[in-house]
Amino acid sequence: MIPLEVMKLEGFVIDEKPYGETSKILNIITKEKGIIGVLSKGAKRLKSPLRSVSQRFCYANFSVSYKKDKLSTLISADVINPLKNIKKDIEKMSYISFISELTSQVLKQSKNEQIYNDFISCVLKIEDCFDPMVITNILELKYLYFLGVSPEFDGCVVCGSKKVVTLSSSKGGFVCQNHYSGEYKTNEKTIKIIRALKYVDISKISKLELSDVVKNEINDFINEYYDMYTGLYLKSKSFLKKIIKIK
């Protein structure tokens, strides 16, 4: 009998499902192995040491009996951050649900470890009470690179001119006056800020103050761009939009 490989993996539980009367199957985004399925035996028992770490949005170092392309088994876990602010706020939880589902889709296109790093940085900034919409938009912008459909923010998408006047989702990025054809004209600050957000290191953000106009213009552009170019239609995004509208 071939012994199982015991591995310690940093990860984030994005989904949990009941398995039998007392156990759960967890889907965990990990830094080293992408998304893995893990059986947490007895996790539904009140006195189980695995109960608290076998829940959605648990961010921890997981020790698992690892099986490549099969269901692994959870041995133990050490919580890295309990994410208390997220778990008591339905809006924050809705954003985390969305970026978790989005990240799982992006990982199907690319196995780059930077995807995990950006995802966790986004989670931690939302936990630290940075504006969840802006932080999520930054992550969405970064993910477009891994999806192979990054917008053009270095100049006009048509001629390359640096004298741009607006953002156009249909044209794929910045547009100059000569190639402007009736699109909604975004705020000048929106143009400057969205270019900077594409390249910012999420983990190093210490201050983030944007006007509502700029925030909404960036969010609207990204929503339209994803709809046009990615082919991703996520249930969590629809729910998030409802939560934001109610708010």
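These remarks concern the structure in this document. Model, not experiment: these values are computed from the prediction.

The secondary structure content of the protein amounts to seven helices and seven strands. From first element to last, N terminus to C terminus, the protein shows the α and β order β-β-β-β-β-α-α-α-α-β-β-α-α-α. Principal axes of the C-alpha set define a box for the protein whose edges measure 70 × 40 × 30 Å. Out of the 247 residues in the protein, the part that is buried amounts to 50%. Across the protein, the fraction of contacts at a sequence separation of at least 24, relative to all contacts at a separation of at least 6, is 58%. A total accessible area of about 13,200 Å² is found for the protein, and carbon and sulfur atoms account for 50% of it. Side chains of the protein give 39 positive and 28 negative charges; the mean places of these two sets differ by 4 Å.

Turning our eyes to something else, we now look at the packing of helix H3 (residues 113–127) against helix H4 (residues 132–146). Put simply, H3 and H4 touch, their axes get as near as 9 Å, and they point 175° apart. Taken together, the axis directions place H3 and H4 in an arrangement best described as roughly antiparallel. Here Gln114, Ile115, Asp118, Phe119, Cys122, Lys125 and Ile126 of H3 come into contact with H4, specifically with Pro132, Ile135, Thr136, Leu139, Lys142, Tyr143 and Phe146. Its residues assigned to classes, the contact of H3 with H4 comprises nine nonpolar, two polar and three charged.

If you trace the backbone, Ser121 turns up in helix H3. Under the relative-accessibility criterion, Ser121 is labelled buried at 13%. For Ser121, the residues in contact, after removing those within four places along its chain, are Ile202 and Ser203.

Now for the sheet that holds strand E5 (residues 72–81). Sheet architecture is closed into a barrel: five strands sit in the order E1-E2-E3-E5-E4, paired in mixed fashion. Taking each pair of neighbouring strands and ignoring which way they run, the sheet shows an average axis angle of 50°. Pairing geometry for strand E2 (residues 23–30) and strand E3 (residues 34–40), over seven bridges, is antiparallel. Residue pairing in the sheet places Ile28 in a bridge with Ile36 of E3. Together, strand E1 (5–19), E2 and E3 form the strand contacts of helix H2 (residues 90–109), whose direction differs from that of E1 by roughly 120°. Packed on one face of the sheet, H3 meets E1, E2, strand E4 (59–66) and E5 and runs near 60° to E1.

Under the defined criterion, the tally for this structure stands at seven salt bridges. Among the salt bridges present, the one from Lys237 reaches Glu140, with a minimum N-O distance of 3.6 Å. Placement of the pair is Lys237 in helix H7 (residues 235–246) and Glu140 in helix H4, with a sequence separation of 97 residues. Grouping residues by exposure puts Lys237 and Glu140 together as buried. A salt bridge links Lys171 to Glu183, with the nearest nitrogen and oxygen atoms 2.9 Å apart. Taken together, the residues span a long stretch of sequence, with Lys171 in the loop between strand E6 (164–168) and strand E7 (173–176) and Glu183 in the loop between E7 and helix H5 (188–199) at a distance of twelve residues. With relative accessibility at 31%, the residue Lys171 sits in the partly exposed group. You can call Glu183 buried: its relative accessible area is 13%. A network of salt bridges, in which partner residues are shared, links Asp131, Asp212 and Lys215.

Moving on, we get to H5. Every buried residue of H5 is accounted for by Thr190, Ile191, Ile194, Leu197 and Lys198. Angularly, the buried residues of H5 cover 135° about the axis, an arc narrow enough to put them on a single face. Exposed side chains of H5 directed beyond 90 degrees from the buried face belong to Glu188, Lys189, Lys192 and Tyr199. In this fold, the buried residues of H5 make contact with H4, E6, E7 and helix H6 (212–229).

Thresholds applied
- Residues numbered from 1 in each chain as written.
- Predicted model: local features only at pLDDT ≥ 70, side-chain atom pairs only at ≥ 80, totals over all residues.
- Heavy atoms only, no water.
- Helix = DSSP H or I, 4+ residues; strand = E, 2+ residues; numbered from the N terminus.
- Buried < 20%, exposed > 50% of the residue type's maximum accessible area, 1.4 Å probe, protein only.
- Contact = heavy atoms within 4.5 Å.
- Areas by Shrake-Rupley, 256 points an atom, 1.4 Å probe, with all protein chains shown as cover.
- Lys, Arg positive; Asp, Glu negative; His and termini not counted.
- Charge placed at Lys NZ, Arg CZ, Asp CG, Glu CD.
- Axes fitted to C-alpha atoms, helices over the stretch in contact; angles between N-to-C directions.
- Parallel < 35°, antiparallel > 145°, perpendicular 65-115°, else oblique.
- Nonpolar A, V, L, I, M, F, W, Y, C, P; charged D, E, K, R; others polar.
- Pairing = 2+ DSSP bridges.
- Salt bridge = Lys/Arg side-chain N within 4 Å of Asp/Glu carboxyl O.
- Arc of directions from axis to C-beta.

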